[in-house]
Amino acid sequence: MAHEDDAQQAVPNTQGMRPDGDGVTRRRPLRERHVQETVEVAVPVRTAYNQWTQFKTFPRFSTLVHGVEQIRPTMTAWTIGYGPLRRRFAVEIVEQDPDAYLAWRGLEQSPSHQGEIEFAPTDSGGTAITVRMLLEPQGATRILTGSSRAARLIARLVRGELMNFKRFIEGLGQEGGAWRGTIRNGRVQHEHPEPPRSRVAQWPVG
């Protein structure tokens, strides 16, 4: 079991540094201490990624998620809970690479959390989906969420949701939609930037 001081002194995981195609190195949001679970699904990476990023369909297979509202491309509002208990919070997508990677951060305060998910092809033609999460509790909740028991509970919940998704997507055999955008630092990247506009109405630019 890790001590509370260890969490406070956690440093960025240098193994999470990754260079992108443009030569810029970006840090993944997670630190060394986090929950990690992996499951293999028998569909291609593109299919798994496309379906996972259809966030509004999560209630169709999840035992925790009761609703997802797409506020804008980088912002969603999630309603989760067990039985009559419900909790709604906003999530910001900070990075997204089609067929490869997605990172998010919760905007709630008690506790705040970060997460990332990777999609990797397997030798059998399927997909290995890896989810990592980090809770960043504040105040009294630090004691509860920092315990090894809490970490095991969160790991079981994440594992259960991954297995639910596995059964769901393998049953479908194909995705029900797709959004193929790229997000960097919480902003959607456009492949073809808009040309500069003239400040004088009806004057050409050039």
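Provided above is the structure to which this section pertains.
Below you will find a few notes about this structure.

Reading the values: the criteria
- Residues numbered from 1 in each chain as written.
- Predicted model: local features only at pLDDT ≥ 70, side-chain atom pairs only at ≥ 80, totals over all residues.
- Heavy atoms only, no water.
- Salt bridge = Lys/Arg side-chain N within 4 Å of Asp/Glu carboxyl O.
- Helix = DSSP H or I, 4+ residues; strand = E, 2+ residues; numbered from the N terminus.
- Buried < 20%, exposed > 50% of the residue type's maximum accessible area, 1.4 Å probe, protein only.
- Lys, Arg positive; Asp, Glu negative; His and termini not counted.
- Contact = heavy atoms within 4.5 Å.

## Structural notes on the pattern of salt bridges
No. 1: Within the structure shown, the criterion is met by seven salt bridges.
No. 2: As a salt-bridge pair, Arg132 and Glu116 come within 2.9 Å of each other at their nearest N and O atoms. In this pair, Arg132 sits in strand E9 (residues 127-136) while Glu116 sits in strand E8 (residues 112-121), placing the two residues 16 residues apart along the sequence.
No. 3: Overall, the relative accessible area of 3% leaves Glu116 in the buried class.
No. 4: A salt bridge links Arg132 to Glu118; its shortest N-O distance comes to 3.1 Å. Pair noted here: Arg132 is in strand E9 and Glu118 is in strand E8, with a separation of 14 residues, a long-range link. For the pair shown, Arg132 and Glu118 are each scored as buried.

## Overview of the side chain of Glu37
No. 1: Tracing the sequence through the fold places Glu37 in strand E3 (residues 35-41).
No. 2: Buried charged residue Glu37 carries no salt bridge. Nearest counter-charge: Arg159, at 4.2 Å.
No. 3: Setting aside residues up to four positions removed in sequence, Glu37 forms contacts with Ile129, Thr130, Val131, Ala155, Val158, Arg159 and Leu162.

## Quick look at unusual backbone geometry
No. 1: A positive phi is found at Asp99, a non-glycine position, where the angle reads about 65°.
No. 2: Within the fold, Asp99 resides in the loop between strand E6 (87-97) and strand E7 (101-106).
No. 3: Residue class for Asp99 comes out partly exposed when judged on its relative accessible area of 23%.
No. 4: At Asn185, a residue that is not glycine, the phi angle is positive and equals roughly 50°.
No. 5: With respect to the secondary-structure elements, Asn185 resides in the loop between strand E10 (182-184) and strand E11 (187-189).
No. 6: The exposed category is assigned to Asn185, whose relative accessible area is 64%.

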